[in-house]
Protein chains: 2
Amino acid sequence: MVKIILDAMGGDDAPYSTCLGAVSALEKDKELYLILTGRKAEIESELKKYSYDKARLEIVDCPDVISMNDSPTEAVKRKDSSLMAAYWMLKKEDDTCALVTAGSTGATIVGGQLILGRIRGIKRPALCPAIPNSRGGVTLLCDCGANAECKPVMLCQFAILACAYAEAGFGVKNPKVGLLSNGTEEHKGDPMHQETYACLSKMQGINFVGNVEGRDIMMGECDVVVADGFSGNIALKSIEGCGKMVLGVMKKEFSSSVSSKIGYLFLRKAIKRMRGQLDFEKFGGALLLGLKKVVVKTHGSSKASTVAASIANAAAIYRNGLIGEVEKKLAVVDFSALVPGEE
Amino acid sequence: MVKIILDAMGGDDAPYSTCLGAVSALEKDKELYLILTGRKAEIESELKKYSYDKARLEIVDCPDVISMNDSPTEAVKRKDSSLMAAYWMLKKEDDTCALVTAGSTGATIVGGQLILGRIRGIKRPALCPAIPNSRGGVTLLCDCGANAECKPVMLCQFAILACAYAEAGFGVKNPKVGLLSNGTEEHKGDPMHQETYACLSKMQGINFVGNVEGRDIMMGECDVVVADGFSGNIALKSIEGCGKMVLGVMKKEFSSSVSSKIGYLFLRKAIKRMRGQLDFEKFGGALLLGLKKVVVKTHGSSKASTVAASIANAAAIYRNGLIGEVEKKLAVVDFSALVPGEE
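Residues numbered from 1 in each chain as written. Chains lettered and ligands numbered in written order. Predicted model: local features only at pLDDT ≥ 70, side-chain atom pairs only at ≥ 80, totals over all residues. Heavy atoms only, no water.

**Points about the overall build of chain A**
Looking only at helices and strands, one finds 13 helices and 12 strands in chain A. In terms of overall size, chain A behaves like a compact globule, its C-alpha atoms giving a radius of gyration of 21 Å where 343 residues would be expected to give roughly 20 Å. Structurally, chain A occupies a C-alpha span of about 60 × 60 × 35 Å along its principal axes. Evaluated residue by residue, chain A yields a buried proportion of 60% over its 343 residues. In chain A, the share of contacts with a sequence separation of at least 24, taken over all contacts with a separation of at least 6, comes to 72%. (Helix = DSSP H or I, 4+ residues; strand = E, 2+ residues; numbered from the N terminus. Rg over C-alpha atoms; globule rule 2.2 N^0.38 Å. Buried < 20%, exposed > 50% of the residue type's maximum accessible area, 1.4 Å probe, protein only. Contact = heavy atoms within 4.5 Å.)

Set out below in structure tokens:
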């Protein structure tokens, strides 16, 4: 049995999206057990609409809900909130494996650090989405926003975290790792990135291929792109904005004339496949890596299908031993020898 | 007469692309006079293929060509190269208005700083491309790679430079300026970006709308996005990579079956318009802003049509008084009062 906690109140359409997502995930995975945290009456009234295996779903009543506008450091004190109650349960109950939330990113990061806690040796957790690439696979971008200010040791650890995810989540052996910079040459970037380049080059157990540029993320030049959280976030959102604009222009142009509309009828299937290939959501959000258990943060706008995909993703990654993989990779690196000035 | 210097040897397809681009630009603008720098024999043999107004085109023989792999600081010493000879002429001959090059970005930046020189008061030049946005206009991204390390005063000046370009290049009155960060809230980013936020908020003559995210660049939330050159470069290239991937997937899917191929026939015009709307090259490359004269840097892979667009862009911006506009905007800001620690 894989026991996963779902923050049933997180996300714009919660608890509708989370309840339907939970039901759909239970249907697909017979080994799954779900604990939904949130306002019990609201959750029950949603769940009543569906038939599902009631023996594998449990509700923990939490009257409080953290909103996107709440300060993360204040929010972490609200133990009765659906998100923080989930974190406390994840910390205290040994048989819980993972948390899935579409709630506030800031509160998810702070709660993860302060309640659940980091894997021993890890300095900071990192957000890591899987971005579809032109080779038909995914590129993992780590960090994409948890840490606006980074030091070389943090980026070296992001490489370890994302490589473990590439292996446990996508079965990639010896993943290729690039460092996101403003050019491919070794001397590119500021001193922090130059130092990170030197450390990654020397690092045991990491298949470092050098600097990569923004365009290489979607071109799939490597499996893992290591980034400071500031520019990683900018890369991710620039890609999202571009994708959104292209699909918007396409929609407008494809309904602009009778001829276009006829063409669209013939191309419907191809366009559907295309949208599928460009769909960020199908991998079920970003992982918050570096914590003691698996935490999946999906978009606030997640639909039920994304919530279901996130739950399935969390279960798969837990089963494939993500946390153990991180610990194994950490054990072979002596950070004090690798990064000058680190204890 | 608008006298523009074209580095005829810069770019992957030079001098073929540059000569054809020059001929096409001369044809469209009867007030244009072009000086082509480069290997005279090669240029003449290209130009022989076309008919054009020979009274408005002059060749200056330069035996040396700077390659993409040459060190910019070494390259700047090579006075006989097509790029550096162009810069010297631009500096010394009062009636020259602008330079267009598809050559090495690094050498273009260093040559601009060391030979042509900066506008009085400007700390560093910045690269500024025009990116098509979903409102059907453009968003100017400044800096996108000339400065990997930035200070707040530099970013404040990038705002001035790009606003002058928005006005002189695209007729935008009182352009909206955003600061590229990892979230819209004021406290986002590292201390350098937080300080820049505070300075931009206080700055005279700048219509600052606050922080913007990567996705806002193509969504067209503002006319000018100010960025440090490191993350600006990552944003630009992430967008390029996404656009390239989407067009690649589209091409593959639209020829994947008989039905798709039929659909494509009906959609041909719509797809052409769509490509046009997403075409980065039609605005003729990025401006290298902050220098004493107009400098346009186009992609190394520029085709003749892009070279022609870049020349037309340079001429229009010169005619609309870009440099005077920058000087006017600079004059109203007291940087020593605005930015703590600046002289």
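**Considerations on the sheet that holds strand S6 (residues 130–132) of chain A**
Residues and elements named next belong to chain A. Strand order in the open sheet formed by 5 strands is S6-S7-S10-S8-S9, with mixed pairing between adjacent strands. Strands at the two margins of the open sheet, each flanked by one partner only, are S6 and strand S9 (207–212). Strand-to-strand twist across the sheet, computed as the mean angle between neighbouring axes with direction ignored, equals 30°. The pairing of strand S7 (residues 138–142) with strand S10 (residues 224–226) spans 3 bridges and is classified as parallel. (Pairing = 2+ DSSP bridges. Axes fitted to C-alpha atoms, helices over the stretch in contact; angles between N-to-C directions.)

**Quick word on helix H6 (residues 152–170) of chain B**
Residue and element names in this part refer to chain B. Over its 19 residues, H6 runs 26 Å from end to end, which matches the ideal 27 Å to within 8%, given 1.5 Å per residue. Burial runs high along H6: 16 of the 19 residues are buried. Following H6 by one or two positions, Gly 171 adopts a phi angle in the positive range, close to 65°. (Expected span 1.5 Å × (residues − 1).)

**A few points about the nonpolar core**
In terms of nonpolar packing, the biggest core is built from 104 residues, with Tyr 87 of chain A together with Tyr 87 of chain B touching the most fellow members. Judged by nonpolar contacts, the second largest core, of 74 residues, contains Cys 19, Leu 47, Leu 57 and Ile 119 of chain B. (Core = buried A, V, L, I, M, F, W, Y, C linked by side-chain atoms within 4.5 Å.)

**Thoughts on the interface of chain B and chain A**
Each partner contributes residues to the interface: chain B has 55 residues there, and chain A has 55 residues. Taken together, both faces of the contact between chain B and chain A bury some 4,700 Å²; the carbon and sulfur share is 71%. Sorting the residues of chain B by area buried against chain A places Arg 215, Phe 230 and Met 245 of chain B first, and these three jointly supply 14% of that buried surface. Seen at the junction of chain B and chain A, the total is 6 salt bridges. (Buried area = accessible area lost by both parts, 1.4 Å probe. Salt bridge = Lys/Arg side-chain N within 4 Å of Asp/Glu carboxyl O.)

**Points about the pairing of strand S3 (residues 57–61) of chain B**
Residues and elements named next belong to chain B. Bridge count for strand S2 (residues 32–38) against S3 is 5 bridges, and the pairing is parallel. Among the inter-strand pairings, Ile 35 is bridged to a residue of S3, identified as Glu 58. Each parallel crossover has a hand, and the one from S2 via helix H2 (residues 40–47) to S3 is right-handed. (Right-handed = clockwise from strand over helix to strand, strands pointing away.)

**Description of the packing of helix H1 (residues 16–28) of chain B against H2 of chain B**
All names here are of chain B. The interhelical angle for the contact between H1 and H2, taken along N-to-C directions, is 55°, at an axis separation of 9 Å. Judged on the interaxial angle alone, H2 and H1 are oblique. For H1 against H2, the interelement crossing comes out right-handed. Residues Tyr 16, Cys 19 and Val 23 of H1 form the contact with H2, whose participating residues are Ile 43, Glu 46 and Leu 47. (Parallel < 35°, antiparallel > 145°, perpendicular 65-115°, else oblique. Left-handed = near helix turned anticlockwise from the far one by under 90°.)

**Remarks on the side chain of Asn 133 of chain A**
Among the structural elements, Asn 133 of chain A can be located in the loop between S6 and S7. At 3.3 Å, the side chain of Asn 133 of chain A and the backbone oxygen of Val 138 of chain A are in polar contact. Engagement of the side chain of Asn 133 of chain A in a polar contact is seen with the side chain of Thr 139 of chain A, the distance being 3.1 Å. Setting aside anything within four residues of it in sequence, one finds Asn 133 of chain A in contact with Val 138, Thr 139, Ile 217, Met 218, Met 219 and Gly 220 of chain A together with Met 245 of chain B. (Polar contact = N/O pair within 3.5 Å; in protein donor to acceptor, adjacent residues only side chain to side chain.)

**Topic: the sheet that holds strand S5 (residues 126–128) of chain A**
Residues and elements named next belong to chain A. Judged by pairing direction, the sheet is mixed, and its 7 strands sit side by side in the order S3-S2-S1-S4-S12-S11-S5 without closing on themselves. Edge positions in the sheet fall to strand S3 (57–61) and S5, since each of these pairs with one other strand and no more. Strand-to-strand, the axes of this sheet are offset by a mean angle of 25°, without reference to chain direction. Alignment of strand S1 (residues 2–7) against strand S2 (residues 32–38), held across 6 bridges, turns out to be parallel. Each bridged residue has a counterpart across the sheet, and for Ile 4 the counterpart in S2 is Leu 34.

**Brief notes about the side chain of Thr 101 of chain A**
Residues and elements named next belong to chain A. Inspection of the secondary structure puts Thr 101 in strand S4 (residues 96–101). A distance of 2.7 Å separates a polar atom in the side chain of Thr 101 from a polar atom in the side chain of Asp 7. Excluding residues within four positions of it along the chain, Thr 101 makes contact with Asp 7, Leu 83, Thr 108, Val 296, Lys 297 and Thr 298.

**What about the relation of the copies chain B and chain A?**
Expressed as a screw operation, the relation of chain B to chain A combines 0.0 Å of axial shift with a rotation of 180°, fitting to an RMSD of 0.0 Å. These values place the two chain copies in the arrangement generated by a two-fold rotation axis. The rotation axis passes nearest to the C-alpha of Gly 263 of chain B in chain B, at a distance of 2.0 Å. When the interface residues of chain B are mapped onto chain A, 100% of them again fall at the interface, so both copies present the same face. (Least-squares fit on C-alpha atoms with pLDDT ≥ 70 in both.)

**Side note on the pattern of salt bridges**
Pairing is possible between side chains of opposite charge, provided their charged atoms come close. Residue and element names in this part refer to chain A. Inspection of the entire model under this criterion finds 34 salt bridges over all chains. Salt-bridge contacts for Arg 56 lead to Asp 53; the nearest nitrogen and oxygen are separated by 2.8 Å. Take Arg 56: its relative accessible area is 7%, and that puts it in the buried class. Judged by its relative accessible area of 33%, Asp 53 is partly exposed.

**Here we look at unusual backbone geometry**
Residue and element names in this part refer to chain A. Omega for the peptide link from Cys 142 to Asp 143 comes to 5°, which places this bond in the cis form. Positionally, Asp 143 belongs in the loop between S7 and helix H6 (152–170). Despite not being glycine, Asn 174 shows a phi value in the positive range, around 45°. Here Asn 174 lies in the loop between H6 and strand S8 (176–180).

**Remarks on the environment of Gly 137 of chain B**
All names here are of chain B. For Gly 137, the position within the fold is in the loop between strand S6 (130–132) and strand S7 (138–142). Residues Gly 137 and Phe 170, spaced 33 residues apart in sequence, show a C-alpha to C-alpha distance of 8.9 Å. Discounting residues that sit within four places of it in the chain, Gly 137 has contacts with Ile 131 and Pro 132.

**Looking at the packing of H6 of chain A against helix H11 (residues 304–319) of chain A**
Residue and element names in this part refer to chain A. At their nearest, the axes of H6 and H11 sit 8 Å apart, and the two run at 105° to each other. Put simply, H6 runs roughly perpendicular to H11. Across from Tyr 165, Ala 168 and Gly 169 in H6, the residues of H11 making contact are Asn 313, Ala 316 and Ile 317.

**Brief notes about a positive patch on the surface**
The grouping of Lys 79, Lys 91, Lys 92 and Lys 292 of chain A at the surface amounts to a positive patch. Here Lys 79 of chain A shows up in the loop between helix H3 (72–75) and helix H4 (82–92). (Patch = residues over 30% accessible without salt bridge, like charges linked within 9 Å, V, L, I, M, F, W, Y side chains within 5 Å. Areas by Shrake-Rupley, 256 points an atom, 1.4 Å probe, with all protein chains shown as cover. Lys, Arg positive; Asp, Glu negative; His and termini not counted. Charge placed at Lys NZ, Arg CZ, Asp CG, Glu CD.)

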